[in-house]
Amino acid sequence: GGATKPSPLADRKAIKAVTKASFNLRGQMRTLWDPTCPPLQPRRPFSPGQRWRQMIDTRLLHQGISFSLLSKRLPRHGGRNHTGRITIRHRGGGFKRYYRSIDFKRYKLPDRYATVVRLEYDSNRSAFIALLKYDNMPEWEEKYREDLKAWRDKIYTHTELHRDVYRGDDPELEEESKHVSKRPNTEDRNAYYQKRLAARMAKIKWVSPNDPPAELMERFFYFKKDGTKHLKFKSPIRFAPYLRDEERFSYILCPKHINAGDRLISSVTEAVDIKPGNSMKLKFIPAGTLIHNVEFQPKRGGKICRSAGTSATLVEKNVSKGLAIIRMQSTELRYISLECMATIGEVSNPEHKNQVWGKAGESRHRGIRPTVSGTSMNPCD
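Computed from a prediction, not measured in an experiment: that's the story for all the values here. (Residues numbered from 1 in each chain as written. Predicted model: local features only at pLDDT ≥ 70, side-chain atom pairs only at ≥ 80, totals over all residues. Heavy atoms only, no water.)

## Focus: the overall build of the protein
Thought 1: Helix and strand counts for the protein stand at nine helices and 18 strands.
Thought 2: Scored against the burial criterion, the 381 residues of the protein give a buried share of 38%.
Thought 3: Sequence separation of at least 24 residues holds for 66% of the intrachain contacts in the protein that already meet a minimum separation of 6. (Helix = DSSP H or I, 4+ residues; strand = E, 2+ residues; numbered from the N terminus. Buried < 20%, exposed > 50% of the residue type's maximum accessible area, 1.4 Å probe, protein only. Contact = heavy atoms within 4.5 Å.)

As structure tokens, this is what we get:
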């Protein structure tokens, strides 16, 4: 006789085995993806809204909540200004957001290595972000550990200096302060402030009696013509051998081709390795390097090339004029100061521009309301 047909049960088992094998293969392939350049994820059309929908596959990113010490609730205004009038149309609703504080300057803790803890999705920008955890002490500080602990107690920052002068805790000048107006704009008040400032400066113990090594002197202090030494930086965090948790962590824009566990560094005084995520001044970066998060003006934070998939090319450096020429992706050329900071590499998530939302609900989730013609509105609108 003829061959017997397989039972429907056997067919279902075979289909189930093939499906399971294909899902396992997809999972193995997903682990080979670069998490900073995820592909688009097409959907099976179980509903009309899923038919053309193509979104970024973020399954390799952090799936939990954001880092609480660097996040705050982002208030929603519905397109209204302070008087309650609509100034931006088609805004309102949407899912609640938390703003992540991004370190665009990258010199909060210079010359201190940081480890990439995780990569995250950020609802406030098209690029991904990376959470960094800084080392408790830079490698070059290890041999000066005890000295730094003693010096930190005696270093007097500029901020503390001006605060104490305004506060008026100098007993020698207390009598004089009783006869001076407290308004800061009057001439006598300004003259009195300068006098107190000079008196306080004369009493400051900038460092401990033991002179610091030459290496630390160059890093921390600069000398004026009269021989007095002053702090290079105003932030006392730079002198902290051990940092609090909120000082050890920061968010940065995630560049391409980094992953959790990578080691990054930012420097304002010297060149570092040319690898994605490292940051330094333009004068230390070789020509032809791809960069992002570039500053317009020194110490103002990165402003150029912060969107997903963007980068600029350092074309040329003119040392005599102190300027660098960078080429944007639009082929525009810009002059930027060599003292400006930039980060090596391209910004992550290059497929962001190819996403297809596929349904109206996606716009509503993002706080975008429908756009209609003016004739369809009420007179008050």
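Still more ground to cover, so stick around.
## Description of unusual backbone geometry
Thought 1: Positive phi is not limited to glycine here, since His257 has a value of about 65°.
Thought 2: By relative accessible area, His257 is classed as exposed at 54%.

## Structural notes on the environment of Arg89
Thought 1: Within the fold, Arg89 resides in the loop between strand S3 (71–74) and strand S4 (97–100).
Thought 2: With 292 residues separating them in the primary sequence, Arg89 and Asp381 have C-alpha atoms 9.8 Å apart.
Thought 3: Ignoring any residue separated from it by four or fewer positions in sequence, one finds Arg89 in contact with Val372 and Met377.

## Let's talk about the packing of aromatic side chains
Thought 1: Summed over the entire model, instances satisfying the criterion amount to one aromatic pair.
Thought 2: Their ring planes at 40° and their centres at 4.6 Å tell us that Phe67 and Phe249 sit as a pair that is tilted. Taken together, the positions of Phe67 in the loop between strand S2 (54–56) and S3 and Phe249 in strand S9 (residues 249–253) put the pair 182 residues apart, joining distant regions of the chain.
Thought 3: Residue class for Phe249 comes out buried when judged on its relative accessible area of 11%.
Thought 4: Positioned over the ring face of Tyr98 is Arg73, at 6.0 Å from the centre of the ring. (Phe/Tyr/Trp six-rings, centres within 6.5 Å; stacked < 30°, edge-to-face > 60°. Lys NZ or Arg CZ within 6 Å of the ring centre and 35° of its normal.)

## Structural notes on the environment of Lys275
Thought 1: Within the secondary structure, Lys275 is located in the loop between strand S10 (263–264) and strand S11 (279–281).
Thought 2: Judged by its relative accessible area of 30%, Lys275 falls in the partly exposed class.
Thought 3: Between the C-alpha atoms of Lys275 and Gly345, which are 70 residues apart in sequence, the distance is 7.2 Å.
Thought 4: A distance of 3.1 Å separates a polar side-chain atom of Lys275 from the backbone oxygen of Arg263. (Polar contact = N/O pair within 3.5 Å; in protein donor to acceptor, adjacent residues only side chain to side chain.)

## Digging into the sheet that holds strand S15 (residues 312–318)
Thought 1: If you walk across this open sheet you meet the six strands as S11-S18-S12-S15-S16-S17, and the pairing is antiparallel. Pairing within the sheet leaves two strands with one partner each, and these edge strands are S11 and strand S17 (333–337). Adjacent strand axes in the sheet meet at a mean angle of 45° when their direction is disregarded.
Thought 2: Note: S15 against strand S16 (residues 323–327), five bridges, orientation antiparallel. Pairing of Asn318 across the sheet is with Leu323, part of S16. (Pairing = 2+ DSSP bridges. Axes fitted to C-alpha atoms, helices over the stretch in contact; angles between N-to-C directions.)

## A closer look at the layout of surface pockets
Thought 1: What the largest pocket holds in volume is close to 1,400 Å³.
Thought 2: The wall of the largest pocket is formed by 49 residues, among which Arg97, Tyr121, Asp122, Ser123 and Arg366 lie closest to the centre.
Thought 3: Looking at the lining of the largest pocket, the elements that each hand over two or more residues are S2, S3, S4 and helix H9 (360–365).
Thought 4: Among the elements that make up the lining of the largest pocket, the one with the highest residue count is S4 (three residues).
Thought 5: Partitioning the lining of the largest pocket into residue classes produces 13 nonpolar, 22 polar and 14 charged. (1 Å grid on protein atoms, 1.4 Å probe; cavity = no way out; pocket = protein on both sides within 12 Å on 5 of 7 lines; lining within 4 Å. Points joined across faces, edges and corners; volume = space filled by probe spheres on them. Nonpolar A, V, L, I, M, F, W, Y, C, P; charged D, E, K, R; others polar.)

## Quick word on the nonpolar core
Thought 1: By size, the foremost hydrophobic cluster in this structure holds 19 residues, and its most contacted members are Leu282, Ile285, Ile291, Val294 and Ile326.
Thought 2: In this structure, Ile252, Cys254, Ile258 and Leu264 belong to the second largest nonpolar core, which totals 14 residues. (Core = buried A, V, L, I, M, F, W, Y, C linked by side-chain atoms within 4.5 Å.)

## Observations concerning empty space enclosed by the protein
It is the rolling of a water-molecule-sized probe over the atoms that shows where space remains empty.
Thought 1: Scanning the entire structure with this criterion turns up three cavities of 30 Å³ or more.
Thought 2: Across the lining of the second largest cavity, the residue classes break down as three nonpolar, three polar and two charged.

## Re the pairing of S16
Thought 1: Between S15 and the antiparallel strand that follows it, S16, lie four residues; Gly322 among them carries a positive phi value of about 70°.
Thought 2: Where S16 meets S17, five bridges bridge the pair, whose relative direction is antiparallel. Each residue of the ladder has a partner; that of Ile326, found in S17, is Arg334.
Thought 3: The antiparallel hairpin formed by S16 and S17 contains five residues in its connecting segment, where Thr331 sits at a positive phi of about 70°.

## Overview of the side chain of Lys281
Thought 1: The residue Lys281 is located in strand S11 in this model.
Thought 2: A polar contact is formed between the side chain of Lys281 and the side chain of Glu339, at a distance of 2.8 Å.
Thought 3: Sequence-distant contacts of Lys281, that is, excluding residues within four places in its chain, are made with Ser267, Val268, Leu338, Glu339, Cys340 and Met341.

## Description of the pattern of salt bridges
Thought 1: The final tally for this structure, using the stated rule, is eleven salt bridges.
Thought 2: Note that Arg59 and Asp57 form a salt bridge whose closest N and O atoms lie 2.6 Å from each other.
Thought 3: For Arg59, a relative accessible area of 42% translates into the label partly exposed.
Thought 4: A salt bridge links Glu346 to Lys256; the nearest nitrogen and oxygen atoms lie 3.5 Å apart. In this pair, Glu346 sits in the loop between strand S18 (341–344) and H9 while Lys256 sits in the loop between S9 and S10, placing the two residues 90 residues apart along the sequence.
Thought 5: In this structure, a network of salt bridges that share partners links the residues Arg53, Glu362 and Arg366. (Salt bridge = Lys/Arg side-chain N within 4 Å of Asp/Glu carboxyl O.)

Keep in mind these values describe shape, not function.
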